[in-house]
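Reading the structure
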Amino acid sequence: MAVAKPGARKLEVLTGHQAVAEAMRQINPDVVAAYPITPQSEIMHYFASYVADGKVDTELVTVESEHSAMSACVGAAAAGARTMTATASQGLALMIEVVYIAAAMRLPIVMAIANRALSGPINIHCDHSDAMLGRDAGVVQLFAENAQETYDFMLMALRVAEHPDVLLPVWVNLDGFTLTHTADVVELIDDAAVKEFIGEYKPRYPLLDVDHPTTQGPFALPEYYFELKRQQVDAISNVPSVLLQVQEEFAALSGRRYEGFFEPYYLDDADYALVVMGSTAGTAKAAVDELRAQGEKVGLLKLWLFRPFPRREVAEALKGKEAVAVLDRALSLGSYGPLYLEISSALYECEERPRLYNYTYGLGGRDTTAEQLTDVLHQIQGEKLSREMHYIGLRE
Amino acid sequence: MPELKTYKELPLGGVIPATADRPRKKTGDWRDEKPVLYPEKCVNCLLCWVRCPETAILTEDQQMRGFDYDYCKGCGICAQTCPTEAIRMVDDAEEVPPLGRIEGEGRQE
Amino acid sequence: MPDIKTLAKREEERKRFEGGHALCAGCGIPIVVRTVLNSIEQPVVVANATGCLEVGTTLYPYTSWNVPWIHNAFENAAATISGVEAAYRVLKRKGKIDRDIVFVAFGGDGGTYDIGLQALSGALERGHNFLYVCYDNEAYMNTGIQRSSATPLGAFATTEPPGKRSIGKRRRRKDLTQIIAGHHIPYVAQASISHWYDLSEKVKRAVAKEGPAFINVMSTCFRGWRFDASLTTEIARLAVETGFWPLYEIEDGECRITYVPEERLDIVEWLKPQGRFAHLFKPENRWVIDKIQEEVDREWEELLRRCKIAPITD
C-alpha cells in the first residue's frame, strides 16, 4: 500500500479518460478545441463539466469537425494561448493536414490520442494505426502503459512541448477502451505543485501582440522550404535531452522516476525479448514473469518515446540479445510493421545483432493473452523461425 | 532578391516579423506603361487612391501627391477611374518628373 | 457615411497593407483588403485562406501585411480565426490583454463557398466575434481559373470550358449570402469594389456588432474573366448596375438594399465586356443569356419585395 507523498494527493481510482481530464484540469489550458469521437469523447465530457462549473478558466471551442479542432488550436496557439485537444482514429486522420502545419509553425499543442483503429472497415477499438499517422509529421509521441503513465505523461508533455528548444505538438497515446474505459489506481499530484511544475506559457510570436505584427504560415518557394523544414529536424532532435531534464524534475515533483525513453523489464540479462508499446506491455510483463519463474531468461523493452525514435538507446539495449520479437499494433502495409522498421534500422549499425522478428497483434481491438506472448517468446528461440510477418491470434 | 540565409539564420517556424526594415520587392519593374498626374485637373477625390492595388498612389495630408513608381505595376485603374482625366497612362520609357506630376496647363495631345 | 479622407489619413498613419506583392497588375483583391482594413479603427488580426491573396502577399521572406496575419490551410480560415478569437477572449478575461482587437478573416470564393463552407458555418454558429470577408472572383483563380460554386451560369472556366457539347458552367451559382443569412448572425452584407463607400460603411457596421459578421464582396478578376485590367472596378460597377450583384445588408434580420440603380441595365451590358462570356453571344447560346437575365430579374424583384431601401452614399 503506497503512502501518499508530502504535497501529493491520496490515491484515486480513475479511468484513462479521467486521468487525461484530471491532468487537463490541473494544467487549466487557455483554449481547448475538440470534437467528439469514440473512444475520446468522455475526456471532453469531463472537461466540459469542469468548464461549466468554473473549475477551469478554459475557453472550450466545440467545433464542427476535427479538422476545425486542430485549425482552431493552431489559431489559438499562434495567438499566444496554451492550447490542448484530444482525438482518435478518423478524427486524427481528418486533422492530419493541420497537424503537419502545427508542427511546422512550431506550436506546442498537447494532444491526447485515444488510440483506435483506422477505417476501413470502421472499428472503434484499439490499435496503433491512428498514431502511425503522426510518424512523419514532426510531432513528439509518447505511449502510456496505464492510467498512471497517462496522467504523468500529459504533465510532462506540456513541459516538453513548450521548451524553447522544442516548440512542437506532443501526442500522448493511450490505448482506446483498454485504458480509456477501464479504471485503475492513479496517484495524483496536488494542484499547486502541478501549477508550479508547468509554469507560465511564454509564446514566441503571439499574434495578439499587435504592436509586433508577424506573418505566420507564408508561402515558401524552393529557395526556402528546405531550410524551414531543416529547422524542424533540430527541434525534434532536441526532444530526448529535454525529456530527460523534464523527467528529472518530475521525479522530484512526484516521487515517480521515469528514466529515459523506455522501461526495461528484466531486459538486461535476457537472451530473448519482446518490444511493445502501450497497454499490452502489462500482458507482456505477465508473460515475462511466468517464464522467468521457470528460469527462462526473457525480458521486455516497453517503449515510451516513439517519436523521435531513440535509436541509439534502443540499439544499446537490444544488441546483445539472441532474438527479439517486435510487437506491432499497426500494419505498415507493403512493408514490415512501423515499430519493427525502427528497431531493425536502429540495429543496422551494430556489430552483434539479435535475430529480429515481427509480430502484428491486436488490430481492431483483438485481445492478446499472456499465453500468446509466452508462445512468441518460445517461438523466437528457434533459429529456423520464418522472417516473414507473424500474426498473433489471427484466424489463418 | 535578399541574400539567401541558412536554416539557422531564419526565424523559427517560417514566421516573418513585419519589421519596418524588412526586404521589399519593387514590383515597379513589371510595367509597360505608367500613370502621370496633371495636378491642375485633380480635385482630390482620392478615388484613384482607394482603387490602387499597389498602394502606389501617394497622398500627403489626404491630398493626391503622385505615384510611387517603385511599386506601380501600370494597371491603369487610376487613369480609368479618374473623373476629371487628371491621370493619363504613358509609355514606361518616357521620362517624367518626380512622382509623375506634370505641372502646367492641362494635358498634351 | 464614410469620408474618404478619413480612410486616407488612416493609411498615411498606419499602412496596414502594402504594395510589393505578387498579385496581378490590376487585381481587385487589394482594393477589398485596403478598404476593409482602412475602415476599421481598432487593431486587427487577420486570418487568410489559401488562394490568390495569401500566396501573392506572403511569398517568403516578403510580406505585404503590417498587421498580425496567419495562414493555416485552404478550408480553415474561419476555424483558425475562431481559435485566435477564443484565445483573445480568455486572455482578456485573465487580464493578460487589455486592447480592443478586431478579428478579420479573408477568403476567396473557393475557400469560402466550397472547401471553406463548413468551417465558416461552424464559426458563425458558435458566435465568435469576427468579420469574414469573402473576395468573390467567381472561380479558383490562383490555381488557374477552375470553376467554383460561385462561377456564374455560362461562364468559361478551365474545368468547365465551353465546347461542342458545353456552354461553359452549366448550373447557376450558389447564393452564399443567403446561406449565411440563414445562420441568423447579427450582420450579413453584399458589397463591391466598385462602391468603396458602401463597402467601407458595411465594414464599420459589421465591426460595431457583437458577434459574427459576413460580407461578400464582388472582386473582379481581369485575368480569369478576360477583360482589360484598367476596367477592374468598372466591370464590378456593371455587376451592380445590372442587378447581377445587388448591394444589400441584413442587420439583425432586417434586410436593406443599400444601392438602387436608377435604371437597371440589361444583363448583356455586364456579359458583353467579359471574354469569359463571349461564347454566349453565338446564336445557339442566346438562351443562356435569357436564362441569366430571367434569374437576375426574379431575384432582384424578390429582394425589392423583402427588403427596405436604405441607400449608403459617400
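All values derive from a computational prediction rather than experimental measurement.

Okay, the interface of chain C and chain A next. Across the boundary between the two partners, chain C contributes 39 residues, which contact 38 residues of chain A. For the side of chain C that touches chain A, the secondary structure elements donating two or more residues are β1 (44-48), α3 (52-57), β2 (69-71), α4 (77-93) and α6 (117-126) of chain C. Counting residues per element, the side of chain C that touches chain A draws most heavily on α4(C), which supplies 12 residues. Residues that form the side of chain C that touches chain A fall into these classes: 23 nonpolar, 11 polar and five charged.

A few words now on the environment of G111(C). Residues and elements named next belong to chain C. Along the chain, G111 turns up in helix α5 (residues 109-114). The class for G111 is buried, based on 32 C-beta atoms found within 10 Å. Taking the C-alpha atoms as reference points, G111 and R172, separated by 61 residues in sequence, lie 18 Å from one another. The residues touching G111, leaving out its near neighbours within four places in the chain, are A49, T50, G51, F74, E75, A77 and G116.

To continue, consider the sheet that holds strand β15 (residues 355-360) of chain A. All names here are of chain A. If you trace the six strands from one edge of the open sheet to the other, you get β10-β12-β11-β14-β15-β16, paired in mixed fashion. The two strands at the open ends of the sheet, each matched to only one other strand, are β10 (262-265) and β16 (390-391). The pairing of strand β14 (residues 323-328) with β15 spans six bridges and is classified as parallel. When the sheet's bridge partners are listed, L327 is paired in β15 with Y359. In the packing of helix α12 (residues 370-379) onto the sheet, the strands contacted are β11 (272-276), β12 (298-303), β14 and β15, and the crossing angle to β11 comes to about 130°.

This part takes up the interface of chain B and chain C. Accessible area lost upon the coming together of the parts is a frequently used measure of interface size. Counting residues at the interface gives 30 residues for chain B and 30 residues for chain C. Here the side of chain B that touches chain C gets four residues from one element, more than from any other, and that element is helix α2 (residues 77-81) of chain B. Of the residues contributing to the side of chain B that touches chain C, the split by class is 14 nonpolar, nine polar and seven charged.

This paragraph deals with the packing of helix α3 (residues 66-79) of chain A against helix α4 (residues 89-104) of chain A. Geometry of a packed helix pair, given as the angle between the helix axes and the separation of the axes. Residue and element names in this part refer to chain A. With their axes 7 Å apart at the nearest point, α3 and α4 run at an angle of 25° to one another. Regarding the angle of α3 to α4, the classification is roughly parallel. As for the relative orientation of α3 and α4, their crossing is right-handed in sense. When α3 is examined against α4, the residues E66, H67, A69, M70, S71, C73 and V74 are found in contact with a partner set consisting of G91, L94, M95, V98, V99, I101 and A102. Grouping the constituent residues of the contact of α3 with α4 by class yields 10 nonpolar, three polar and one charged.

A few words on helix α12 (residues 286-306) of chain C. Here α12(C) contains 21 residues, and its C-alpha end-to-end distance of 31 Å stays within 8% of the 30 Å for a straight helix at 1.5 Å per residue. On its buried side, α12(C) packs onto β6 (166-167) of chain C.

Once that is clear, we can look at the sheet that holds strand β1 (residues 16-17) of chain B. Across the sheet, 11 strands lie side by side as β1(B)-β9(A)-β2(C)-β1(C)-β3(C)-β4(C)-β8(C)-β7(C)-β9(C)-β10(C)-β11(C); this open sheet has mixed pairing. Edge strands, defined here as strands with exactly one partner in the open sheet, are β1 of chain B together with β11 (308-309) of chain C. Here strand β9 (residues 214-216) of chain A pairs with β1(B) via two bridges, running antiparallel. What sits directly across from T214(A), in β1(B), is P17(B). Running at roughly 160° to strand β4 (residues 131-136) of chain C, helix α2 (residues 29-38) of chain C makes contact with β1, β3 (102-108), β4 and β8 (213-218) of chain C of the sheet.

Let us look at the pairing of strand β7 (residues 187-192) of chain C. All names here are of chain C. By the criterion of burial, β7 is predominantly enclosed, with six of the six residues buried. Neither face of β7 is left uncovered, since the one carrying Y187, A189 and A191 and the one carrying V188, Q190 and S192 both have all their residues buried. Where β7 lies against β8, six bridges are found, and the strand directions are parallel. Bridge pairing links S192 to M218 in β8.

Residue and element names in this part refer to chain A. The domain boundaries assigned to chain A delineate domain 1 (8-254) and domain 2 (262-391). Here the C-alpha centre of domain 2 lies 28 Å away from the C-alpha centre of domain 1. Opposite the 28 residues of domain 1 that make contact, domain 2 presents 20 residues. If you list the elements that add at least two residues to the side of domain 1 that touches domain 2, you get β6 (140-143), β7 (170-175), α7 (222-237) and α8 (239-254). Class assignment for the residues of the side of domain 1 that touches domain 2 results in 13 nonpolar, 11 polar and four charged.

Calculation rules
Residues numbered from 1 in each chain as written. Chains lettered and ligands numbered in written order. Predicted model: local features only at pLDDT ≥ 70, side-chain atom pairs only at ≥ 80, totals over all residues. Contact = placed C-beta atoms within 7 Å. Helix = DSSP H or I, 4+ residues; strand = E, 2+ residues; numbered from the N terminus. Nonpolar A, V, L, I, M, F, W, Y, C, P; charged D, E, K, R; others polar. Buried ≥ 20, exposed ≤ 12 C-beta atoms within 10 Å, placed from the backbone. Pairing = 2+ DSSP bridges. Axes fitted to C-alpha atoms, helices over the stretch in contact; angles between N-to-C directions. Parallel < 35°, antiparallel > 145°, perpendicular 65-115°, else oblique. Left-handed = near helix turned anticlockwise from the far one by under 90°. Expected span 1.5 Å × (residues − 1). Domains from an automatic or database assignment.

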